[in-house]
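# Residue-level structural notes
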Number of protein chains: 2
Amino acid sequence: MFSIGEFSKITGLTVKTLRFYHEQGVLKPSHVDPGTGYRYYAPELIDYARVISSLRELEFSLSDISAILNQADDDSDILEFLSSHRQEIAAQLERYNQITNSLDVIIRKEEEARSLMGKINYDIEEKQLEPILVAGIRMKGRYSECGKAFSKIGRKFGRHICDKPLMLHYDSEYREDDANFEPCMPIRRGDSVDGIDVHELRGGRCISLIHQGPYEELGRSYERVFGYLRDQNYEFEMPTREVYIKGPGMIFRGNPKKYLTEIQVVLKS
Amino acid sequence: MFSIGEFSKITGLTVKTLRFYHEQGVLKPSHVDPGTGYRYYAPELIDYARVISSLRELEFSLSDISAILNQADDDSDILEFLSSHRQEIAAQLERYNQITNSLDVIIRKEEEARSLMGKINYDIEEKQLEPILVAGIRMKGRYSECGKAFSKIGRKFGRHICDKPLMLHYDSEYREDDANFEPCMPIRRGDSVDGIDVHELRGGRCISLIHQGPYEELGRSYERVFGYLRDQNYEFEMPTREVYIKGPGMIFRGNPKKYLTEIQVVLKS
DNA sequence: TATTGACTCTCCCGTTACTGGAGGCTGTAG
DNA sequence: CTACAGCCTCCAGTAACGGGAGAGTCAATA
């Protein structure tokens, strides 16, 4: 017979835990001194305790363990317990996998944005655009409707998206209620489906300006771009493009003063 | 301003949860009526609540969330939180992966054993053995030492093991203290290392008998096998083999009366 | 024999993020 | 005036222990 302290050292279970298991009826001492209340454990219980530890390591609940110990003395008796427990664990696993994925997406996005922030200058630039394939939804109406379009594209093309969202503007002047625009996502490949049009945007020389601040203030930056185009006597093509480099975050809506949007106007070649 | 019930419907958080968040200081109502104690929430808090929900879905603790909300209003501010949280989640993931693996191993083992139990007959059989590659440790001494050898082989060749453990007996008579034997694991491939000898066991005609019961009673089954060999005038080869079909389980020590051991004696060809 | 020091006992609280329930007050509609 | 829905506070419970207080016990030593 071992005292609780000895038994604790043998089994690796703490004294507290042993007392708790006694209270819960999972592992009862062989003998309890009626006078002192001291617990004494017989050597046979060592194996019993080992079984309990094993099951706890597999994250079985104490009530499951009680049930198991009451009706089984062989691994083959508990196959159903094992399988159903495996399912629960697998569900947890799935959940944590999703969380890690989400976290990864957010982290990657923010790290990109952060590194980008460093090397941005807020002057008008001329640069060369590569052609890109996009999935877009042509819309007429209010810009505020674009959210639905983006999420629809996201659902359909989720895993093929390869860059930041952008919007094509087909109006030559600013319109509020019946604007003509196309929310797009750059994709690696895919075909038009279900109202979503997959097409290629041509590359070429373009004028680019990065706008920092809320979307309502985009007008000021457009002014600069069009002023520049006029000064240089450049002719440009429709539609113009807005690339949303940094907008509302995945968690916070973010601070609109930090939003970054690139205005791109492709020149006639 | 919304009442707690309205705000609950809007945000999807239960009334209980909202009260709890108030108590914890995570999400304080905009106004609390001093007379009635009624909580009232301003529309701006909807977004705030959404942030909290998002973070909870990512399994952040409430104290983390408080800390985050107190010092950040943009995703990029919380990169460190996200990364360190990601690590914790990844650790959990690892753990659950291990558990699933262990469970799978146990389940597979037991299902095999169970299906085997059905088609076993306990008569002496003559059958054809295929050659197999094994990793073994030649030992002299007591059989009870074999556990260490098995676990050593398991550690070194873990992922290449492809069948049940077996033991080779080189003694022509029973010996207690200085037996000459070799615990082995069948493996798919591998090389001798560090005291472990990888070699091939030849195939051929063999006499086989499945023994059910504790190892101490193996003697009775050996008697039957050798009796049969004598009756048939068969000559056999050393070493003889014992295959441990079902022994102590991964969790329970199991019931020795249910242990299954196959005795194999290869005939001279 | 008294005394140490190690061991053990019970009882209570705290952890996390809530849920459930009792008992009582408030607001509004009929 | 009376329902009834909605809101309040306070308390208890969850799972599996860990920490600590205060008191009793055991074995060996002075």
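Cut-offs applied
Residues numbered from 1 in each chain as written. Chains lettered and ligands numbered in written order. Predicted model: local features only at pLDDT ≥ 70, side-chain atom pairs only at ≥ 80, totals over all residues. Heavy atoms only, no water. Phe/Tyr/Trp six-rings, centres within 6.5 Å; stacked < 30°, edge-to-face > 60°. Buried < 20%, exposed > 50% of the residue type's maximum accessible area, 1.4 Å probe, protein only. Helix = DSSP H or I, 4+ residues; strand = E, 2+ residues; numbered from the N terminus. Lys NZ or Arg CZ within 6 Å of the ring centre and 35° of its normal. Contact = heavy atoms within 4.5 Å. Salt bridge = Lys/Arg side-chain N within 4 Å of Asp/Glu carboxyl O. Polar contact = N/O pair within 3.5 Å; in protein donor to acceptor, adjacent residues only side chain to side chain. Near = heavy atom within 4 Å. Nonpolar A, V, L, I, M, F, W, Y, C, P; charged D, E, K, R; others polar. Pairing = 2+ DSSP bridges. Least-squares fit on C-alpha atoms with pLDDT ≥ 70 in both. Core = buried A, V, L, I, M, F, W, Y, C linked by side-chain atoms within 4.5 Å. Axes fitted to C-alpha atoms, helices over the stretch in contact; angles between N-to-C directions. Parallel < 35°, antiparallel > 145°, perpendicular 65-115°, else oblique. Left-handed = near helix turned anticlockwise from the far one by under 90°.

### Focus: the packing of aromatic side chains
For the coordinates displayed, the defined rule picks out 20 aromatic pairs over all chains. Seen from their ring centres, Phe20 of chain A and Tyr21 of chain A are 6.4 Å apart, and the 45° between their planes marks the pair as tilted. For Phe20 of chain A, a relative accessible area of 38% translates into the label partly exposed. Ring centres of Phe150 of chain B and Tyr244 of chain B lie 6.4 Å apart, and the angle between their planes is 90°; on these two criteria the pair is classed as edge-to-face. Here Phe150 of chain B is found in helix H6 (residues 146–157), whereas its partner Tyr244 of chain B is found in strand E11 (residues 240–246), with 94 residues between them in sequence. For the residue pair Phe150 of chain B and Tyr244 of chain B, the accessibility class agrees, reading buried in each case. Directly above the aromatic system of Tyr170 of chain A lies the positively charged group of Arg138 of chain A, at a separation of 3.4 Å from the ring centroid.

### A short note on the interface of chain A and chain B
At the interface, 48 residues of chain A touch 48 residues of chain B. Put simply, chain A and chain B have 8 salt bridges between them. Residue Glu59 of chain B is joined to Arg95 of chain A by a salt bridge in which the shortest nitrogen-to-oxygen separation is 2.8 Å. Our count for the chain A to chain B interface comes out at 8 residue pairs in polar contact (both at pLDDT 80 or more). The set of elements that each furnish at least two residues to the side of chain A that touches chain B consists of helix H3 (44–57), helix H4 (62–71) and helix H5 (79–118) of chain A. The leading source of residues in the side of chain A that touches chain B is H5 of chain A, at 22 residues.

### Observations regarding the protein's contact with DNA strand C
Taken together, 19 residues lie around DNA strand C, and Ser3, Gly5 and Arg19 of chain A together with Lys16 and Tyr21 of chain B are the ones closest in. Among atoms of DNA strand C positioned within 4 Å of the protein, sugar and phosphate together represent 69%. Within the contact set of DNA strand C, a phosphate oxygen lies 3.0 Å away from a side-chain nitrogen or oxygen of Thr14 of chain B. The side chain of Tyr21 of chain B places a nitrogen or oxygen atom 2.8 Å from a phosphate oxygen of DNA strand C. Among the elements of the structure, helix H1 (4–11) and helix H2 (15–24) of chain A together with helix H2 (15–24) of chain B are those that each provide at least two residues to the surface near DNA strand C. Of all the elements, H2 of chain B adds the most residues to the surface near DNA strand C, at 4 residues. Here the surface near DNA strand C is built from residues that sort into 6 nonpolar, 8 polar and 5 charged.

### Considering unusual backbone geometry
Across the junction of Met238 of chain A and Pro239 of chain A, the peptide omega takes the value -10°, indicating a cis bond. Its location among the elements puts Pro239 of chain A in the loop between helix H7 (218–232) and strand E11 (240–246). Notably, Glu59 of chain B is not glycine yet its phi reads approximately 65°, a positive angle. Relative to the elements of secondary structure, Glu59 of chain B occurs in the loop between helix H3 (44–57) and helix H4 (62–71). On the basis of relative accessible area, Glu59 of chain B is assigned to the partly exposed category, the value being 31%.

### Quick look at the sheet that holds strand E2 (residues 31–32) of chain B
Residues and elements named next belong to chain B. Taken in spatial order, the 3 strands make up an open sheet running E1-E3-E2, and their pairing is antiparallel. On the outer flanks of this sheet lie strand E1 (2–3) and E2, each paired with one strand and no other. With 2 bridges connecting them, E1 and strand E3 (residues 39–41) associate as antiparallel partners. Along E3, the bridge assignment pairs Ser3 with Tyr40.

### Things to note about the relation of the copies chain A and chain B
Between the two copies, chain A and chain B, the superposition gives an RMSD of 0.1 Å; the rotation angle is 180° and the shift along the axis is 0.1 Å. Seen this way, the second copy is the image of the first under a two-fold rotation axis. No C-alpha of chain A approaches the rotation axis more nearly than that of Leu93 of chain A, which lies at 3.0 Å. When the interface residues of chain A are mapped onto chain B, 100% of them are again interface residues, pointing to one common binding face.

### So, the nonpolar core
Among the nonpolar cores identified, the biggest contains 65 residues, and Ile251 of chain A together with Phe60 and Ile251 of chain B are the most heavily contacted of them. Sorting elements by how many residues they give to this core places helix H5 (residues 79–118) of chain B first, with 10 residues.

### Section: the packing of H1 of chain A against H3 of chain A
All names here are of chain A. Contact pair H1 / H3: the axes reach a minimum separation of 10 Å and the direction vectors enclose 55°. When the interaxial angle is binned, H1 and H3 end up oblique. Helix-helix and strand crossings are classified by hand; for H1 and H3 the assignment is right-handed. Contacts between H1 and H3 involve Phe7, Ile10 and Thr11 on the former and, on the latter, Leu45, Ile46, Ala49 and Ser53.

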